[in-house]
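Examining the three-dimensional arrangement
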Amino acid sequence: MAEPSSSSSLSSKKRSRSPNNNDEHSQGRDQICSSLEDNLTFNDTMIALQLMRTQFPKLEKVVVQPFILQSQLYSSVKDRTQVDRDLESFKKDKMLRIFKLSSGQDDHAIMFMDDYLKQVAFSIKRSGGKDQDGSEVFEWFEKYVVSSKLDVSINQLELCSLLSRGGDVTDKHITLLMNAGLLTRQLIDPNIYWFAIPRIGPILKGLSQVCAP
């Protein structure tokens, strides 16, 4: 008679553990689903960026690498909070840069880092190349500023500090960067510079019209 009792006891113990096991499995499924949702949102943002990049309008005699308006990204991806988180993550990973528009619009432009570096190279060439006096600042800018300062703006003290890693910085160096369209001075505070996308003006209006929802 002891054996059935023992078997019954074991069966009872197994049954008593079953709800807990179900809870654990349920929690595991919830965690997996949550992770999948996070990944889907992440993909939504990147897919939207890539799609808008391919739809970037082209104008004759205007050489500008593709960029995306942040307002248009918000209209394509429903979760604006998640979009902001994704953009911040992409920015920290140096996948893209974000620029404050100086056109009077309360908006930002987003450009993939590879495209931005191409735009920088083209703008340097167009402004006189690296044969002009003081042109070493372009190398300093690419090497020490672009790679370490990811915000939309930079103050003059920090800018000079980063550039000075390459050599002695003068006002002429800053002027060359501004003439190339890589920096614009903030009107309210002349000690603050915005990072800029050179030659963005002619295409900005067209982009707003093409991408409008």
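Just so it is clear, the model here is predicted, and its values are computed rather than measured.

Excluding glycine, residues mostly have negative phi values, and the peptide bonds linking residues are mostly trans. A positive phi is found at Lys94, a non-glycine position, where the angle reads about 60 degrees. Residue placement: Lys94 occurs in the loop between α3 (80–92) and β2 (96–100). Its identity is not glycine, yet Arg199 carries a phi of approximately 65 degrees, on the positive side. Structurally, the position occupied by Arg199 is in the loop between β6 (192–195) and α8 (201–211).

Glancing now at the confidence of the model for the protein. On average, residues of the protein score 79 in pLDDT, and 72% of them are at 70 or above. Across residues 1–19, where pLDDT falls below 50, the model places 0 contacts with residues more than four positions away in sequence or in other chains. This stretch, residues 28–42, has a pLDDT under 50; its non-local contacts, to residues over four places away or in other chains, come to 4 contacts.

With that out of the way, let us pick up the packing of aromatic side chains. Any pair of aromatic rings gets described here by the distance separating the centres and the angle formed by the planes. Tallied over the entire structure, the rule returns 3 aromatic pairs. Where Phe99 meets Tyr116, the ring centres are 5.3 Å apart and the plane angle is 50 degrees; that geometry is what we call tilted. Taken as a pair, Phe99 in strand β2 and Tyr116 in helix α4 (residues 113–126) lie far apart in primary sequence, 17 residues in all. Across the pair, exposure class does not vary: Phe99 and Tyr116 are buried alike. Ring geometry for Phe141 and Phe195: centres 6.2 Å apart, planes at 40 degrees, overall tilted.

Attention shifts here to the pattern of salt bridges. In total, this model carries 5 salt bridges according to the counting rule given. Between Lys149 and Glu158 there is a salt bridge; the shortest N-O distance is 3.1 Å. Here Lys149 falls in the buried class, since its relative accessible area comes to 13%.

Okay, the environment of Phe99 next. Using a relative accessible area of 2% as the deciding quantity, one classes Phe99 as buried. Between the C-alpha atom of Phe99 and that of Gln70, which follows or precedes it by 29 residues, the distance is 9.7 Å. For Phe99, the residues in contact, after removing those within four places along its chain, are Asp107, His108, Ala109, Met111, Tyr116, Val152, Phe195, Ala196 and Ile197.

Our next topic: the sheet that holds β6. Spatial strand order, β4-β6-β5: 3 strands in an open sheet with antiparallel pairing. Across the chains shown, the open sheet's two edge strands, defined by having one partner strand only, are β4 (153–155) and β5 (183–185). Each neighbouring strand pair of the sheet contributes to a mean axis angle of 30 degrees, computed without reference to strand direction. Summarising the sheet, β5 and β6 pair through 3 bridges and their orientation is antiparallel. Its bridge partner being in β6, Thr184 is matched across the sheet by Trp194. The sheet strands contacting helix α6 (residues 156–163) are β4, β5 and β6, and the helix crosses β4 at an angle near 85 degrees.

Moving on, we get to the pairing of β6. Consecutive side chains along a regular strand alternate between the two faces of the sheet. Bridge count between β4 and β6: 3 bridges; the pairing is antiparallel. Looking at the pairing, Ser153 lines up with Trp194 of β6.

Relative to the helices and strands, Gln70 resides in helix α2 (residues 70–76). Leaving out residues up to four positions away in the same chain, Gln70 has contacts with Asp84, Leu87, Ile98, Asp107, His108 and Ile110.

Membership of the largest hydrophobic core comes to 35 residues, with the highest contact counts inside it found for Phe67, Phe141 and Leu163. Secondary structure elements with two or more residues in this core: β3 (108–112), α4, α5 (136–146), α6, α7 (171–179), β6 and α8. With 7 residues, α5 is the largest single contributor of residues to this core. The contacts of Phe141, once residues within four sequence positions are left out, are Tyr116, Val146, Leu163, Leu177, Leu182, Leu183 and Phe195. Counting 15 residues, the second-largest nonpolar core is a separate cluster that includes Met46, Met52, Val77 and Ile98.

What counts as what
- Residues numbered from 1 in each chain as written.
- Predicted model: local features only at pLDDT ≥ 70, side-chain atom pairs only at ≥ 80, totals over all residues.
- Heavy atoms only, no water.
- Helix = DSSP H or I, 4+ residues; strand = E, 2+ residues; numbered from the N terminus.
- pLDDT = per-residue confidence, 0-100.
- Contact = heavy atoms within 4.5 Å.
- Phe/Tyr/Trp six-rings, centres within 6.5 Å; stacked < 30°, edge-to-face > 60°.
- Buried < 20%, exposed > 50% of the residue type's maximum accessible area, 1.4 Å probe, protein only.
- Salt bridge = Lys/Arg side-chain N within 4 Å of Asp/Glu carboxyl O.
- Pairing = 2+ DSSP bridges.
- Axes fitted to C-alpha atoms, helices over the stretch in contact; angles between N-to-C directions.
- Core = buried A, V, L, I, M, F, W, Y, C linked by side-chain atoms within 4.5 Å.

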